[in-house]
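Commentary on secondary and tertiary structure
Below, each chain spelled out in residue letters.
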Amino acid sequence: MRSGERMFRLALRLTPRAFRDRYADEIVATHQLRMKDVDGGRLARLAVTLRETRGVLWVALRLRARPTLPMSPGARRARVLEGIAQDIRFAARTLRRSPSYTAAAVVVLALGIGAGTAIFSALNAFFFRPLPFADEDRLVMLYETNPEFGWTDAASAPANVLDWREQVSAFADVAAWSDFMDGTTYVADGEPMLLAAASVTGNFFDVLGVRPALGRGFRWEETWETGQPVAVLSHRLWVTHFGADPGVVGGVYELGGNHVEVVGVMPEGFTFPSSETQLWYPWSWATENREAVWFRRAHFVRPIARLAPGVTHEQAAAELELVVRRLQEAYPETNSVMGAGMMPARDFLIRQVRRPLLILFGAVGLLLLLACANVANLTLVRGAERGRELALRHALGAGRLRVARQLLTENLLLAVAAGIIGIGLGWAGVRAMAALTTLGIDGATSIALDGRVILFTVGVTLVSGVLFGLVPAIRSTRGRISGMLIDGGTGASSGARLRTVRTLVIAEVTLALLLVMGAGLMTRSFLLMRDVDPGFRTDGVLAVEISAPPGRYASRDEVLAFQDRLIEALESRPGIDRAGIIGQLPLAGPSWSSQFQAAGWPADRVGFEILHRRADAGYFAALDIPLVRGRMFEPRDRSSSMPVVLINETFAAEHFPGEDPIGQRIAYDRAPDENSIWYEIIGIVGDQHQVSPGVPARAEAFENRHQDWARTNWVVVRTPADPMSAMPTVRSVLSELDPLIPIAEARPLREVWRASMAREEFILTLLTIFGVVALLLATVGVYAVTAQAARRRTREIGIRMALGANAADVVILMLGRSLAMVGAGVVIGLALSLVANRALTSMLYGVTPADPLTAAAVVLILSVGAGIACYLPVRRATAVDPVRTLRQE
C-alpha cells in the first residue's frame, strides 16, 4: 500500500509546479476520498492507486511536452485570482465533507460575533453616533459641586447660570433646561391627556444649533415674562395629535388650562432633553426673581454652553473658575463653598452608562476570544485526523505557506458564514436589549444596526477568522513529513499539536471562569438586593400620577379641595382599602434636598443634604409604613396652623443622636432669619429606600401636602386584588370629579420596585448569558481534547487492558492529565478574576469581587462540567474490546 502511495506522489511531483499549485490540493483530496470508499482490502486499494497513478503520469508527460511561454502581467493577475477562487471552492468542498465540524465552528463563532454586534450597537449609539446638535464638540455641560453636600455634578441654581452667561466670555452663549419634566394637560376630541413638557431658556435651541422644521424657536426675551405664553411642539406630537397641519404654527391652543400660542415644530427625531419630551415652554420667569435669594439657593436647572470660536476647553474652564470664585465672595450665604465644573456634552450625558457598557463590551470580548480558542481547538483536533492528507500535500510539492493559505481560506470561509449568522443574532440581540434596558441618552437616537456596526461586524469576522485559523495554519507547517506519512499523524507531530490544544483548553477554562465569576457575583448581589426590605408595601398597591391644571384650579385651596374629594371618593369605593397622596414615589429617585438647622442649635451645627417629599396620612397607611414614634398628620394640620413635618429613622439617628426630635422645630436654612419658615417635628416614620434597595435610605423629611402643596402628585391606592384591577375604579372616580383631567401614568408599586434594580438586572441577564455560553464552550473544548487524547492512546489502552489492567485504573490514569489541564485554567482564572472583577465593585451589593462563596460555587460548577467532559470520552475508550482494538492497530 505504501509503495503504491509513493508511486502516486512521485507521479504528481513530475507535473509542473504551476500545475501542482493549482490542482494538487483537489487531486489529493479526491484521491483520499476515493480511497476511503474502496471496499475489498489492500489489493483493491492498491489497484485504484495504480490506476490513478497512471492517469497522473499521462498528464505529467503531456504538460512537460508543452512549451512554456512567458506570462503577461494580466495573465499573472488572472492566475492569482483563479488561485483564490480555487482555494475558496476547495475549502467549501472540504467543509461540506465535515458537516458536524462546520456546524459546530459556525455556531460557536456566530454566538461570539452576534453578542459583540449587539453590545457594540449600544456602544455605538452612546459613544460614537452624532448627537442631534450642531458642532457637538463645541458644546459643554456645566454643573455645580459642593463638598459639604457631596455634590460632584449637581444641577445648578438659575441665578448662578445667568452670571456664568454674562461673565464668562469664553462661552458664546449658555442655555438651560429644567431638571424635572413638567406635565401639561391637553384635550383632543374630548379625551384628556397629559403631555411631557420641558421648560427651557429662550436661547435653548440656538445654543444647541437646532432649527425648527416649521416656524421659529424661542427668543431670549421669552426666558422672562412676556405676557403671551408660547410653546414649540415635537414632530411626533405634531403628527399624532395635530394631524401634521402646517397651520398649527401661529395658532392658539388650550394647554394646561392656559391659551398658548404654538410658534414652531421641531425636526423629526429631536426630543432633547428627554426621549419623552412632547413640547417645550420658555421659563417665563418673573424679572424680580433675578435678585431673589431662592433663585441662587434652589438648584434645579441643567446648563449647557457653546464655546466661543477659537476657545479651548482648558481656557473656558479656567475662566469659569475665576467667575465661580467671584460669586463665592459676592454671595457667601449661598455660594461660600459652591464650585462649578464643565465637561464635554457627550461625556456628561453618558456618564451613568459608560461603566456598564464598557464592562459588557469587555465581557463580550472575552466571549469572542473564548469562541476563537474553541474553534481553533476544534480545528487542531480535526487537523490530527487530516494529518496524513496534509503530509501528502507536502510530499507532493505543496509549500508550507501554500498549505497554510489553504487552511486560512477554510477558516475565513467559516468566519464569513458565522459573521452572516452573527449579524442576524446581533439584530435579535439589539431588539432584546431594547426590551431589557432602561439605559440611554435622553434625546439621542435609539440603539440600532447601522453602517458603523456592520463595519465592526465585518472587521470582527475577518479578525476572528485569522485569529482562530492562525494557530492551526502555523502548526500545519511544522513537524516531519515522513513521520506524518508513516504514522498518519499520530506521532511526534500529533503530540506537538496536542500540546497546543491543551494550551488552548487552559485558556478556554481561564476565560470561562472569568465570565462565570462575573455572572456569579452579579447573581449573588442581585439576590441579596432583592431580599432587602424597601420599607414599604410593594404588593397590591397602584400608583397613578395626576395633575390639576392651573386653568381650572387657579389657587391652592382649589387644588387641595380637588385632591381631598378624590381621596374621599376612592376610599368609598369597594375594592380599595386605602388611598393617599405622595409627591414622588419611593425608589423612583430622590426628590429635592436642602440643609437645615434646628431651633437652639449653635450657628456651626447644620444638617446637610436632607431629602424632602410631600405626603398625607393616607400614603403611609396605604403602603403600611410604620409610625415609630409621635403622631401622624391629622385634619387639624392645615395651612393656617403651624407647619409640621415627619422625619424618617435615619434623619433622627443622624441629626438627633441621643436626643428626642419630637417637638423640635427646624428651618430649611443654614442660617435662619426672620423670613425662614419653621416646621415642628411631630413624628418619626420607618425608612423607605429612595433610589434602590441596594442604596441605604437617606435622611428624609415629609411635609404635609395641605401645607406644602403642589399640582402634580402620585395617588396610591391599596387593593386586595391585582393592582391594575383598580384602574377602572380610578378612571371612573376621576371622570366623575373632572372628566378633563388625564391620568399621566399608572404603575403598580411592584413594577417600581423592579425598575429600581433595572440596571443591575440588565447587566446580570447579559453576563449570565455570556457565562452560560462560556461554560458550554469550555466544556466542549475539554471534551474535544480529551477525546482526541483518548483516540491517540487507543493502542496503549488496548495493551494495558489486554495485560489485565482494571478499567477504573485506566480511567484514572487517562483523567489525570485532562483534570490537571482544567485545574491550571481554574487557578489562572481565579487569580485574574481578582483583578478583572474590580470593575464590578460599584454595581455589587453585599459582596466583594473576591467573594469566597461565589468563587467556590463557580469552581464547583466549572469543575463538574469539565469533569463530565473528561470522563465521557475516556469511559468510552475503555469500553471497547482490547482484542479488536489491537487487531485494528
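On a predicted model such as this, the values are computed, not experimentally measured, just so you know.

**Some thoughts on the overall build of the protein chain**
Along the backbone of the protein chain there are 28 helices and 23 strands. Residues counted as buried form 52% of the 889 residues belonging to the protein chain. Long-range pairs, those at least 24 residues apart, make up 82% of the contacts in the protein chain between residues at least 6 apart in sequence. For the protein chain, the exposed area adds up to about 39100 Å²; of that, 58% sits on carbon and sulfur atoms.

**Brief notes about the packing of helix H6 (residues 158-167) against helix H10 (residues 313-330)**
Remark: H6 packs on H10, axes separated minimally by 10 Å, with the N-to-C direction vectors making an angle of 130 degrees. As summarised for this structure, H6 and H10 are arranged oblique, according to the angle between their axes. H6 and H10 meet at a crossing whose hand is right-handed. For the pair H6 and H10, the contacting residues are Asn160, Asp163, Trp164 and Gln167 in the first and Glu319, Leu320, Val323, Val324, Arg326 and Leu327 in the second.

**Thoughts on the pattern of salt bridges**
Should the charged atoms of two oppositely charged side chains come close, the side chains can pair. Summed over the entire model, instances satisfying the criterion amount to 35 salt bridges. For Arg754, the salt bridge goes to Glu761, with nearest N and O atoms at 2.5 Å. When its relative accessible area of 39% is taken as the criterion, Arg754 is described as partly exposed. Judged by its relative accessible area of 24%, Glu761 falls in the partly exposed class. The closest approach of N and O atoms between Arg759 and Glu760, which form a salt bridge, is 3.7 Å. On the basis of relative accessibility, which here comes to 27%, the residue Arg759 falls in the partly exposed class.

**Here's the deal with a nonpolar patch on the surface**
A surface patch of nonpolar side chains, amounting to about 540 Å² of accessible area, comprises Tyr783, Leu860, Val864, Ile868, Tyr871 and Leu872. Inspection of the secondary structure puts Val864 in helix H27 (residues 852-878).

**Examining H10**
The end-to-end C-alpha separation of H10 is 26 Å, in line with the 26 Å expected for 18 residues at 1.5 Å each. Taken residue by residue, H10 has Ala316, Leu320, Val323, Val324 and Leu327 as its buried positions. Down the axis of H10, the buried set is contained in an arc of 110 degrees. They therefore lie on one face. Across H10 from its buried face, at more than 90 degrees, point the exposed residues Glu314, Leu322 and Glu329.

**Here we look at the environment of Glu288**
Relative to the elements of secondary structure, Glu288 occurs in the loop between strand E10 (279-282) and helix H9 (294-297). By relative accessible area, which is 58% here, Glu288 ends up exposed.

**Describing the packing of aromatic side chains**
Aromatic ring pairs are reported here in terms of the distance separating the ring centres and the angle at which the planes meet. In total, this model carries 34 aromatic pairs according to the counting rule given. Note on Trp601 and Phe656: the rings are 5.6 Å apart at their centroids and 50 degrees apart in plane angle, and the pair reads as tilted. Of the two residues, Trp601 is situated in the loop between strand E15 (593-598) and strand E16 (607-615) and Phe656 in the loop between helix H21 (649-655) and strand E19 (665-667); the sequence distance between them amounts to 55 residues. The class of Trp601 is buried, set by a relative accessible area of 11%.

**Thoughts on the nonpolar core**
Tyr619, Phe620, Leu623, Val716, Leu767 and Phe770 are the most contacted members of the largest nonpolar core, which totals 98 residues. Setting aside residues no more than four positions away along its own chain, Phe620 makes contact with Ala615, Ile625, Met632, Phe633, Leu646, Val685, Gln688 and Phe702. Counting residues in hydrophobic clusters, the runner-up holds 28 residues, among them Ala159, Trp224, Phe300 and Val323.

**So, the pairing of strand E21 (residues 700-704)**
Within E21, five of the five residues are buried, leaving the element largely enclosed by the surrounding structure. Pairing geometry for E16 and E21, over five bridges, is parallel. Within E21, the residue paired with Arg614 across the bridge is Glu703. Both strand E18 (residues 644-648) and E21 contribute to a ladder of three bridges, which runs antiparallel. What sits directly across from Ile647, in E21, is Ala701.

**Here's the deal with the confidence of the model for the protein chain**
Here the protein chain shows a mean pLDDT of 83. Residues at 70 or above account for 82%. E18 holds the highest mean pLDDT among the elements of the protein chain, 97, whereas helix H17 (residues 481-487) holds the lowest, 43. Below a pLDDT of 50 lies the segment residues 439-445, which in the model reaches 25 contacts outside its immediate sequence neighbourhood of four places, other chains included. Throughout residues 479-493 the model reports pLDDT below 50, and contacts reaching past four residues in sequence, or to other chains, amount to 28 contacts.

**Here's the deal with the side chain of Ser594**
Mapped onto the elements of the fold, Ser594 is located in strand E15. Here the side chain of Ser594 touches His612 through a polar contact of 2.7 Å, side chain to side chain. When sequence neighbours within four positions are dropped, the list of residues in contact with Ser594 reads Gly607, Phe608, Glu609, Ile610, His612 and Tyr668.

**Topic: the packing of helix H19 (residues 556-571) against helix H22 (residues 727-737)**
Following both chains from N to C, one finds H19 and H22 inclined at 140 degrees, their axes separated by 10 Å at the closest point. Compared by their axis directions, H19 and H22 come out oblique. Along this stretch, H19 crosses H22, giving a crossing that reads as right-handed. When H19 is examined against H22, the residues Phe562, Arg565, Leu566, Ala569 and Leu570 are found in contact with a partner set consisting of Val730, Val733, Leu734 and Leu737. For the contact of H19 with H22, the residue count by class is eight nonpolar, no polar and one charged.

**Focus on the pairing of strand E4 (residues 182-188)**
Here seven bridges tie E4 to strand E5 (residues 191-200), and the two strands are oriented antiparallel to one another. Looking at the pairing, Val187 lines up with Pro192 of E5.

**Some points on the side chain of Asn160**
With respect to the secondary-structure elements, Asn160 resides in helix H6. Among the residues examined, Asn160 registers a relative accessible area of 0% and is labelled buried. Polar contacts involving the side chain of Asn160 include one to the side chain of Arg296, which spans 2.7 Å. Beyond its immediate chain neighbours, meaning those up to four positions away, Asn160 contacts Glu144, Arg296, Leu327 and Asn335.

**Considerations on the environment of Leu366**
Position of Leu366 among the secondary structure elements: in helix H13 (residues 354-385). Put simply, Leu366 and Leu511 are 145 residues apart on the chain and 6.3 Å apart in space, counted from C-alpha to C-alpha. Aside from chain neighbours lying at most four places away, what touches Leu366 is Leu511, Leu514 and Leu515.

**Comments concerning unusual backbone geometry**
Here the amide bond leading from Phe272 into Pro273 is cis, since omega sits at 15 degrees, within 30 degrees of zero. The backbone of Ala244 shows a phi angle near 55 degrees, a positive value even though the residue is not glycine. One can find Ala244 in the loop between helix H8 (235-242) and strand E8 (252-255). The residue Glu609 is not glycine, and still its phi comes out positive at about 55 degrees. The topology assignment puts Glu609 in strand E16.

**What to know about H8**
For H8, the full list of buried residues reads His235, Leu237, Trp238 and Phe242. Looking down the long axis of H8, one finds its buried residues gathered within 165 degrees of arc, a one-sided arrangement. Just past H8, the residue Gly243 takes up positive phi, approximately 65 degrees.

Cut-offs applied
- Residues numbered from 1 in each chain as written.
- Predicted model: local features only at pLDDT ≥ 70, side-chain atom pairs only at ≥ 80, totals over all residues.
- Heavy atoms only, no water.
- Helix = DSSP H or I, 4+ residues; strand = E, 2+ residues; numbered from the N terminus.
- Buried < 20%, exposed > 50% of the residue type's maximum accessible area, 1.4 Å probe, protein only.
- Contact = heavy atoms within 4.5 Å.
- Areas by Shrake-Rupley, 256 points an atom, 1.4 Å probe, with all protein chains shown as cover.
- Axes fitted to C-alpha atoms, helices over the stretch in contact; angles between N-to-C directions.
- Parallel < 35°, antiparallel > 145°, perpendicular 65-115°, else oblique.
- Left-handed = near helix turned anticlockwise from the far one by under 90°.
- Salt bridge = Lys/Arg side-chain N within 4 Å of Asp/Glu carboxyl O.
- Patch = residues over 30% accessible without salt bridge, like charges linked within 9 Å, V, L, I, M, F, W, Y side chains within 5 Å.
- Expected span 1.5 Å × (residues − 1).
- Arc of directions from axis to C-beta.
- Phe/Tyr/Trp six-rings, centres within 6.5 Å; stacked < 30°, edge-to-face > 60°.
- Core = buried A, V, L, I, M, F, W, Y, C linked by side-chain atoms within 4.5 Å.
- Pairing = 2+ DSSP bridges.
- pLDDT = per-residue confidence, 0-100.
- Polar contact = N/O pair within 3.5 Å; in protein donor to acceptor, adjacent residues only side chain to side chain.
- Nonpolar A, V, L, I, M, F, W, Y, C, P; charged D, E, K, R; others polar.

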